[in-house]
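Close look at the chain arrangement
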Amino acid sequence: PLFNFTNMRWVQLFARAFGFLLLAITYFFSNSTRKARLLWGIVIVTLLVVITALILLAIVSPQIPWPNYVQTQTSVRVFDLVCLSYISLHALRSHIKQPNPATLTVPFGFILLAMGQYSVLVWSIDGGLFSFYAGQAFRLAGLGVFLWVAFGSFTNRRHKKGIET
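A quick note: this is a predicted structure, and the numbers were derived from the prediction, not measured.

1. Digging into the overall build of the protein chain
Counting its secondary structure elements, the protein chain contains five helices and zero strands. Scanning the protein chain from its N terminus toward the C terminus, one meets helices and strands in the order α-α-α-α-α. Counting only residues that meet the buried cut, the protein chain has 32% of its 165 residues in that class. Sequence-distant contacts in the protein chain: of pairs separated by 6 or more residues, those separated by 24 or more amount to 69%. For the protein chain, the exposed area adds up to about 10900 Å²; of that, 72% sits on carbon and sulfur atoms.

2. Focus: a nonpolar patch on the surface
Taken together, the side chains of Leu140, Leu143 and Leu147 make up a nonpolar region of the molecular surface, amounting to roughly 320 Å² of accessible area. Relative to the helices and strands, Leu140 resides in helix α5 (residues 129-161). A relative accessible area of 60% places Leu140 in the exposed class.

3. A few points about helix α4 (residues 105-126)
The end-to-end C-alpha separation of α4 is 31 Å, in line with the 32 Å expected for 22 residues at 1.5 Å each. All of the buried residues in α4 are Val106, Pro107, Gly109, Phe110, Leu112, Leu113, Ala114, Gly116, Gln117, Ser119, Val120 and Leu121. Positive backbone phi, at 80 degrees, marks Gly127, one or two positions downstream of α4.

4. Describing the environment of Val145
Its location among the elements puts Val145 in helix α5. Residue Val145 is classed as buried on the basis of its relative accessible area, which comes to 13%. Other than its neighbours up to four places away in sequence, Val145 contacts Thr105, Phe108, Gly109 and Leu112.

5. Structural notes on the confidence of the model for the protein chain
In this model, the protein chain carries a mean pLDDT of 77, and residues with pLDDT of at least 70 account for 73%. Mean pLDDT in the protein chain bottoms out at helix α2 (residues 34-60), which sits at 70, and peaks at α4, which reaches 88.

What counts and what doesn't
Residues numbered from 1 in each chain as written. Predicted model: local features only at pLDDT ≥ 70, side-chain atom pairs only at ≥ 80, totals over all residues. Heavy atoms only, no water. Helix = DSSP H or I, 4+ residues; strand = E, 2+ residues; numbered from the N terminus. Buried < 20%, exposed > 50% of the residue type's maximum accessible area, 1.4 Å probe, protein only. Contact = heavy atoms within 4.5 Å. Areas by Shrake-Rupley, 256 points an atom, 1.4 Å probe, with all protein chains shown as cover. Patch = residues over 30% accessible without salt bridge, like charges linked within 9 Å, V, L, I, M, F, W, Y side chains within 5 Å. Salt bridge = Lys/Arg side-chain N within 4 Å of Asp/Glu carboxyl O. Expected span 1.5 Å × (residues − 1). pLDDT = per-residue confidence, 0-100.

Structure representation (structure tokens):
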């Protein structure tokens, strides 16, 4: 066949890992100096080239034998969990340095995402439905927290500018 849809799971796996890595790197370079900005640019360009190559490899070359998907998926989930843990700790540390009630929910959202990632990791290893549904619930709760923060930020900005709806 021209296009093998089973390889789309690899694309999803690479894209998810790239997203969490990009978030972790963004938090890592968030308080960087001007010299680190060049390193930031180099890292982002390198990441974009790697993710583009991996996705193209998964889409264009289905005849290439890939490693076992289950083992790779477990490794990527552990990697995602490490990235989310780093982001959560970084967000908590910045909140402790400058306490702000509005920013407390952001680390909580990342912690919920990490708990969801851990639950889905447990599900991928043991196959229990409780861990799968718990993982989905934690992910949705984390998304809800981020939507709440975004909504609050948007409405506060509109009220500061005096925009009425």
